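Residue-level listing of the chains:
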Amino acid sequence: MSAPVTPPTPAPDPARTTPGTFAHQIRAAWAFVFRDFHLTRRYWSWVLVFTFYDMVTAASIMLIGVAAHNPRLTLTLLLGAVMWSFLGRLFGEIANSISYERWEGTIEYTFMAPVSRLTHLVGVSLFAGAYALLRGVLVFLFMSLFVDIGASFVQVLECLVVFVVASLGFMGIGLMAAVLPVMSTENGAQATNIIQAVFLLISGVYYPVSVLPAWLQPVSALSPATYALNACRKILGVNGTGTEIQPGVTLAGVLPELGILLLFGLVTIPLGLFVFGRAETWAKRTGKLKRAG
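As named in an unreviewed UniProt entry, the protein is Transport permease protein, taken from Deinococcus aluminii. The UniProt entry for the protein carries this comment under Sequence similarities (unreviewed entry): "Belongs to the ABC-2 integral membrane protein family."

Caption draft 1: Inspection of the overall build of the protein at higher detail. Secondary structure assignment for the protein yields eleven helices and zero strands. Taken from the N to the C terminus, the helices and strands of the protein come in the order α-α-α-α-α-α-α-α-α-α-α. When contacts within the protein are restricted to residue pairs at least 6 apart in sequence, those whose partners lie at least 24 apart make up 77%. Carbon and sulfur atoms provide 72% of the accessible area of the protein, an area that totals close to 15700 Å².

Caption draft 2: Examining the packing of aromatic side chains more closely. Applying the stated criterion to the full structure yields nine aromatic pairs. On the numbers, 5.6 Å between centres and 55° between planes, the contact of Phe 170 with Phe 199 is tilted. Within this pair, whereas Phe 170 is found in helix 7 (residues 153-177), its partner Phe 199 is found in helix 9 (residues 188-202), the two being separated by 29 residues in sequence. Among the aromatic residues, ring-to-ring pairing joins Trp 84, Phe 91, Phe 170 and Phe 199 into one connected group.

Caption draft 3: Geometry of the state of the cysteines. For the coordinates displayed, the defined rule picks out zero disulfides. For Cys 159, which is in no disulfide, the shortest distance to another cysteine sulfur is to Cys 232 and amounts to 3.6 Å.

The rules behind each value
Residues numbered from 1 in each chain as written. Predicted model: local features only at pLDDT ≥ 70, side-chain atom pairs only at ≥ 80, totals over all residues. Heavy atoms only, no water. UniProt positions renumbered as here; feature names shortened; annotations may be inferred. Helix = DSSP H or I, 4+ residues; strand = E, 2+ residues; numbered from the N terminus. Contact = heavy atoms within 4.5 Å. Areas by Shrake-Rupley, 256 points an atom, 1.4 Å probe, with all protein chains shown as cover. Phe/Tyr/Trp six-rings, centres within 6.5 Å; stacked < 30°, edge-to-face > 60°. Disulfide = S-S within 2.5 Å.

Below is the structure:
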C-alpha cells in the first residue's frame with residue numbers, strides 16, 4: 001500500500017498581508033481611500049457643479065478688493081477664499097462621511113469590517129485631504145485668471161505647508177462632528193453644516209478677528225483656521241494696514257502659529273477618535289445603525 005500523498009503547501013500570496021500587521025492596516029486604509037474615490041467619481045456631475053460654484057463664489061469675493069483698488073484687500077480675500085475652500089471641504093468630507101455611508105447603505109458593513117476604527121477613519125481623512133487640496137488648487141487657479149496674485153512661488157509653497165499643518169486640527173474636529181449623523185439620521189448632517197458656518201464666522205476668514213464683537217473675539221482662539229490665516233497673512237505680507245502689500249516673512253517667522261496648529265492636531269485627533277468610538281458603541285447598542293437615511 002502506497003503512502004498517502006501530502007498536498008504541496010501553497011506559496012504565500014505576496015498581495016496578501018497578515019491581519020493585524022502594520023502592512024495590513026495600510027492596505028485597509030488605502031482601500032477606504034479607493035472606495036471614497038469611486039463613490040465621488042460616481043457622482044462626478046455633482047462634484048463638477050459644486051466645484052464650479054466654489055470657484056465662482058471665491059472669485060466674486062476677491063473682486064470686492066479689485067473694485068476697491070486695494071491690492072492688500074484683494075490678496076486677503078483671495079487667501080481667505082482658498083483657505084476656506086480647503087479647510088471647509090476637508091471638514092465637510094470627514095464630518096459627513098457617515099451620512100454618505102447611510103445614503104449608500106454601507107454603514108453596517110463598514111462598522112462590521114475586520115479593521116480598526118482608526119484605520120477606517122485614517123482612510124477617510126486621507127481621501128478628504130487629497131480631495132480638499134485639489135479643490136483648493138482649482139479655486140486658486142481660477143482666481144488667478146482674474147487678477148495678478150502678487151505672490152511668489154516660494155510664498156505659495158510656504159502657505160501650502162501651513163494648509164497641511166492646519167488640516168490636522170480640522171481632521172480631529174471633523175471626526176468629532178461625524179458623530180452627529182450617527183446620533184441623528186434626520187438632522188445630523190445639517191448640524192455639521194452649522195458647525196462649519198460657526199468656524200467660518202469666528203476664524204476671520206475674510207476679515208480680521210478684531211472686527212468681531214468683543215464677546216466673540218476670544219472664541220476665535222478655538223479655531224485652527226484663525227492661526228493658519230494669521231500665518232499665511234504674515235507670509236504674504238497682508239497682515240498690516242493700508243492698501244499696499246508689505247514684505248512677507250518666511251516659515252521661520254510663523255513658527256508660533258505652526259506650533260499651535262500642531263498642538264491642535266495632537267489634541268483633537270485622539271479626542272475625535274475617542275468621541276467617535278463612544279458614539280459608535282452607543283449607536284450599536286441602541287440600534288441607530290439600522291435606520292437608513
